[in-house]
Amino acid sequence: MTKKILSPLALGAVLALTGSNYALADSQYGYTTGSGSITANANVKLSVSVPKLILLRVGSTNTTIDTASWTSTFSIPGVPTAPVAGSGASVDWNGSPPTATVTPANNTLTVYAWTNANSGTINCTAPVMAPTGGPVNADFTVTVTGSLPHPGGNLGACTSTSFNSNIVATGTWQYVLGGTPANWKAGSYATTVTYTATGV
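Residues numbered from 1 in each chain as written. Predicted model: local features only at pLDDT ≥ 70, side-chain atom pairs only at ≥ 80, totals over all residues. Heavy atoms only, no water.

Visitor: What is the right way to look at the overall build of the chain in this model?
Guide: The secondary structure content of the chain amounts to one helix and nine strands. Secondary structure elements of the chain occur, N-terminal to C-terminal, as α-β-β-β-β-β-β-β-β-β. Counting every atom, the chain has about 14,100 Å² of accessible surface; 57% of that belongs to carbon and sulfur. (Helix = DSSP H or I, 4+ residues; strand = E, 2+ residues; numbered from the N terminus. Areas by Shrake-Rupley, 256 points an atom, 1.4 Å probe, with all protein chains shown as cover.)

Visitor: Before we go on, may I ask you to explain the pairing of strand S8 (residues 169–177) in this structure?
Guide: Residues in a regular strand project their side chains so that they alternate between the two faces of the sheet. The side-chain alternation of S8 yields one buried face, formed by Ala169, Gly171, Trp173, Tyr175 and Leu177, and one unburied face, formed by Thr170, Thr172, Gln174 and Val176. Taken together, the six bridges between strand S4 (residues 108–115) and S8 define a ladder with antiparallel strand orientation. Note that in S8 the partner of Tyr112 across the bridge is Thr170. Where strand S6 (residues 140–146) meets S8, seven bridges bridge the pair, whose relative direction is antiparallel. From the neighbouring strand, Val142 faces S8, where its bridge partner is Tyr175. (Buried < 20%, exposed > 50% of the residue type's maximum accessible area, 1.4 Å probe, protein only. Pairing = 2+ DSSP bridges.)

Visitor: Help me out: how do you make sense of the side chain of Asp139 in this one?
Guide: Checked against the element boundaries, Asp139 lands in the loop between strand S5 (120–125) and S6. Among buried Asp, Glu, Lys and Arg side chains, Asp139 stands out as unpaired, with Lys185 the closest opposite charge at 14 Å. (Lys, Arg positive; Asp, Glu negative; His and termini not counted. Salt bridge = Lys/Arg side-chain N within 4 Å of Asp/Glu carboxyl O.)

Visitor: Could you clarify how one ought to interpret the state of the cysteines in this entry?
Guide: Joining two cysteines, a disulfide is a covalent bond between their sulfur atoms. Taken as a whole and assessed by the stated rule, the structure comprises one disulfide. With a sulfur-sulfur separation of 2.0 Å, Cys124 is cross-linked through a disulfide to Cys158. Taking the sign of the S-S torsion, -110 degrees for the link of Cys124 and Cys158, the bridge is left-handed. With Cys124 in strand S5 and Cys158 in the loop between S6 and strand S7 (160–163), this residue pair connects regions lying 34 residues apart in the sequence. (Disulfide = S-S within 2.5 Å.)

Visitor: Sorry if this is basic, but what is going on with the sheet that holds S7 here?
Guide: In a beta sheet, neighbouring strands pair by backbone hydrogen bonds and run either parallel or antiparallel. As summarised here, the arrangement of the three strands in space is S7-S5-S9, forming an open sheet in which the pairing is antiparallel. Taken across any chain shown, the strands that pair with only one partner, and hence form the sheet edges, are S7 and strand S9 (194–199). In this sheet, neighbouring strand axes are inclined to one another by 25 degrees on average, regardless of whether the strands run parallel or antiparallel. Sheet analysis places S5 next to S9, joined by six bridges and oriented antiparallel. What sits directly across from Thr121, in S9, is Thr198. (Axes fitted to C-alpha atoms, helices over the stretch in contact; angles between N-to-C directions.)

Visitor: In this structure, what is going on with the sheet that holds strand S1 (residues 54–58)? I would like to understand it.
Guide: Reading across the sheet, the four strands line up as S1-S4-S8-S6 and stay open at both edges, with antiparallel pairing between neighbours. The open sheet has two free edges, formed respectively by S1 and S6, since each of these has just one partner strand. Adjacent strand axes in the sheet meet at a mean angle of 20 degrees, parallel and antiparallel pairs treated alike.

Visitor: Explain the nonpolar core to me, please; I cannot follow it from the model alone.
Guide: Among soluble globular proteins, nonpolar side chains are generally buried collectively. Ranked by size, the top nonpolar core spans 19 residues in total, and within it Ile122, Leu148, Leu155, Phe163, Trp173, Tyr175 and Tyr195 carry the most contacts. Broken down by element, this core gets its largest block of residues, four residues, from S8. Residues contacting Leu148, with those up to four places away along its chain left out, are Val111, Tyr112, Ala113, Ile122, Phe163, Ala169, Thr170 and Trp173. (Core = buried A, V, L, I, M, F, W, Y, C linked by side-chain atoms within 4.5 Å. Contact = heavy atoms within 4.5 Å.)

Treat this as a map of the structure, not an account of what it does.
As structure tokens, then:
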């Protein structure tokens, strides 16, 4: 059996064709006919590629979209009377406007954000509540606990806020509904807030 020896040039071509991950260095030599020391240097470049990643979670995981909801209830003056479903019920109404309160459900959400980009930001967009006649976006304020700020003090003033790199920012966002519920027209009102995390 005859052994075949590849020249350096041929070996390099083979390595290139096979996609080998060998690191290739340069080469030098030192040579003298006299006394004293000689040197040769070779350089190797090291390269590391790290992709950017950004993560954002508001409320539930995966594709679940949480719904923060409120139910308005009335009280009829003068003897405070909470109306019940039905028609023709007697009430001791003194002619003053009824008062209304809202009861929240699932209005506090856990939030997380992380990125290895130089910096991370979060902003929000909220279309106008529809239909008209009920609460407006500015009626919804957000109370924050933890290290992840909400982008804006209320949903009518969405802005941009930042968080640090390579540290999990977390906390809770509590949505609080204000406004004047007694002045809202009867109906169901909704909008969807979209949060966008960006790494730069």
